[in-house]
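Here is how the chains run, residue by residue.
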Amino acid sequence: MKPPGRRGLLAAGACALLLAAFFLVAALVTTPLAPYLIPPIALTLPCLPAVTAPSGSGYSPPGVAAMAEAAVEYATTETVPQQSRDEIALSLAVLRRRAPLRLLVFGLGRDSSLWHALNPGGATVFLEEDPAWYRVVRAQSPSLRAHLVAYRTRLDQADRLLATYRNHPACLRGSGENATHLRVRGNWACPLALHNLPPEVYETEWDMLMIDAPKGYFAAAPGRMAAIWTAAAMARARRGEGDTDVFLHDVDRKVEKAFAEEFLCERFRVEGTGRLWHFRIPPVSRRGDAATTGSGDRRPFC
């Protein structure tokens, strides 16, 4: 038998050292003095959690897939949400506290995927008035639940609508047992009522409404007058627990600010930042004051 050469002796020595190290570590771990002989960091290293879910089920919980799609969209394109980080933070605080909730958003935009993803397990519905833009967004995000709707107002009518709405009883009160609740569905007699929306909009009690549409920056645009009145009417008529959180964007503009003060009410405004105001509106049935409305009131909604 040929005696081992130098390489063989080195390999055998390395094996012997590894075996010795193994037995030394085993002895140290099992001895009562282990905490004093082994560096503390080695004893506190965290263990990875076990993976118990079946393969392929990672995106099955409600909202997880939507969150993933939104993350990819904003990470791979130059598309950014229409609101600032601070403005989004106000709405996110409510979503984190109340989600899953029923969220109605006036307008489809670059941030629609974001709002859908931030309400996991909830119901998020969008209303859009521009047919061309509606088709663009739906093609890009077919999972969004959205409706194409029509407005009958124009921005250049805003001053007249604000000054004369008290002349329309249908804009101020219901009838019978619902005298303090404003009717929206089918209320064509009130020029500010969105009376022909899809049935699910009227049949759902919304926990949160976001008004970031329709367009309101040129005379022939619909303006947000009817959206603000309708949101206020829906919040007033709430029957379930809790208040209605209403967010209005672009309050730096004259019409948005004036109609917010008239219908959403300063006393219900809880916070704001940038161009966004947040209102928390209690239903008429829980206001604890004279909840009736009348043409003689300075601001009957407030």
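Named according to an unreviewed UniProt entry, the protein chain is Polysaccharide biosynthesis domain-containing protein originating from Digitaria exilis. In UniProt, the protein chain has this text filed under Subcellular location (unreviewed entry): "Golgi apparatus membrane".

Draft legend 1. The arrangement of the packing of aromatic side chains in detail. Inspection of every chain in the model, using the stated rule, returns seven aromatic pairs. Both rings, one in Y217 and one in F218, keep their centres 5.2 Å apart while their planes meet at 70°; by these two values the pair is edge-to-face. Measuring from ring centre to ring centre gives 5.7 Å for F259 and F263, while their planes differ by 35°; the resulting arrangement is tilted. Of this pair, F259 and F263 both sit in helix α11 (residues 254-264), four residues apart, which is roughly one turn of the helix. In this structure, F259 and F263 share a single accessibility class: buried. Taken together, Y165, W229, F259, F263 and F301 form an aromatic cluster joined through their ring pairs. Over the ring of W277 we find R269; its NZ or CZ atom is 4.1 Å from the centre of that ring.

Draft legend 2. Here's a closer look at the sheet that holds strand β4 (residues 208-211). Spatial strand order, β3-β2-β1-β4-β5-β7-β6: seven strands in an open sheet with mixed pairing. Each end of this open sheet is capped by a strand with a single partner; those strands are β3 (145-148) and β6 (269-273). When strand polarity is set aside, the average angle formed by the axes of neighbouring strands in this sheet is 15°. Examined bridge by bridge, strand β2 (residues 123-128) and β3 share four bridges and lie parallel to one another. When the sheet's bridge partners are listed, L127 is paired in β3 with H147.

Cut-off values and rules
Residues numbered from 1 in each chain as written. Predicted model: local features only at pLDDT ≥ 70, side-chain atom pairs only at ≥ 80, totals over all residues. Heavy atoms only, no water. UniProt positions renumbered as here; feature names shortened; annotations may be inferred. Phe/Tyr/Trp six-rings, centres within 6.5 Å; stacked < 30°, edge-to-face > 60°. Helix = DSSP H or I, 4+ residues; strand = E, 2+ residues; numbered from the N terminus. Buried < 20%, exposed > 50% of the residue type's maximum accessible area, 1.4 Å probe, protein only. Lys NZ or Arg CZ within 6 Å of the ring centre and 35° of its normal. Pairing = 2+ DSSP bridges. Axes fitted to C-alpha atoms, helices over the stretch in contact; angles between N-to-C directions.

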